[in-house]
Amino acid sequence: ASFEDSVRLTGEVHVSDARTVHVSSPLSGVVLNSPAQAGQRVAAGDVLFDLDSHDVAEAKTDLLKKAAALDLATKTAEREALLFEKKISAEMEVQEARAREAEARIELDGARSRLVRLGIPLEGHPVPGSAGGSLTGRVAVRAPRGGTVLEGHANPGEYVDTGKDLFVISDL
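Residues numbered from 1 in each chain as written. Predicted model: local features only at pLDDT ≥ 70, side-chain atom pairs only at ≥ 80, totals over all residues. Heavy atoms only, no water.

(A) Here's a closer look at the pattern of salt bridges. All told, the structure shown has 10 salt bridges when counted by the stated rule. A salt bridge links Arg19 to Asp171, with the nearest nitrogen and oxygen atoms 3.2 Å apart. Of this pair, Arg19 sits in the segment before strand 1 (20-24) while Asp171 sits in the segment after strand 8 (165-170), and the two are 152 residues apart along the sequence. Using a relative accessible area of 38% as the deciding quantity, one classes Arg19 as partly exposed. A relative accessible area of 28% places Asp171 in the partly exposed class. Its salt-bridge partner being Lys66, residue Glu107 comes within 3.3 Å of it at the nearest N-O pair. Of this pair, Glu107 sits in helix 2 (residues 91-117) while Lys66 is found in helix 1 (residues 54-85), placing the two residues 41 residues apart along the sequence. (Salt bridge = Lys/Arg side-chain N within 4 Å of Asp/Glu carboxyl O. Helix = DSSP H or I, 4+ residues; strand = E, 2+ residues; numbered from the N terminus. Buried < 20%, exposed > 50% of the residue type's maximum accessible area, 1.4 Å probe, protein only.)

Shown next as structure tokens:
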């Protein structure tokens, strides 16, 4: 004996808001590529799209400038201290050089903080551009959770603004 009864129904499928995430661009910039496509399964951390951000490139350049300024201020403070020991320089010049060094250190910390706020990790390379770092504004935007890409609106060459919804991912 077999059952072959079927019922045709009209309906609408909704995704659970608790299991759905809207992914927007964290920065303004140009979409370089978008490996994630509608219908594709993604895991948390998978790259949804790569973005070229002027803000990130500018922040990396600023960090390099601040690092160079600190290096110069440190060498100047050391030189002034040595000259003071030899009675060639005044104590006030040593104090001024140390103050400029402290100021340069604060500015470098600020530049690092700006990159972190932009979502750029600094571990391994405290100064991008040194030890093979890159000064591009390239940022990989990753899936915050796993699921199926329901919508994807990041097209290569397209300029996107901060906060624009580009992907919808749901754990169906």
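(B) How the structure looks around the side chain of Thr148. Mapped onto the fold, Thr148 is located in strand 6 (residues 147-152). Within the structure, Thr148 has its side chain in polar contact with the side chain of Arg41 (distance 3.2 Å). When neighbours within four sequence positions are excluded, Thr148 is seen to be in contact with Gly39, Gln40, Arg41, Val168, Ile169, Ser170 and Leu172. (Polar contact = N/O pair within 3.5 Å; in protein donor to acceptor, adjacent residues only side chain to side chain. Contact = heavy atoms within 4.5 Å.)

(C) Molecular detail of the packing of helix 1 against helix 2. Relative orientation of the contacting elements helix 1 and helix 2 amounts to 160 degrees, with a least axis distance of 8 Å. Taken together, the axes of helix 1 and helix 2 lie roughly antiparallel to each other. In the crossing of helix 1 with helix 2, the sense of the turn from one axis to the other is left-handed. Residues that form the contact of helix 1 with helix 2 fall into these classes: 16 nonpolar, two polar and 15 charged. (Axes fitted to C-alpha atoms, helices over the stretch in contact; angles between N-to-C directions. Parallel < 35°, antiparallel > 145°, perpendicular 65-115°, else oblique. Left-handed = near helix turned anticlockwise from the far one by under 90°. Nonpolar A, V, L, I, M, F, W, Y, C, P; charged D, E, K, R; others polar.)

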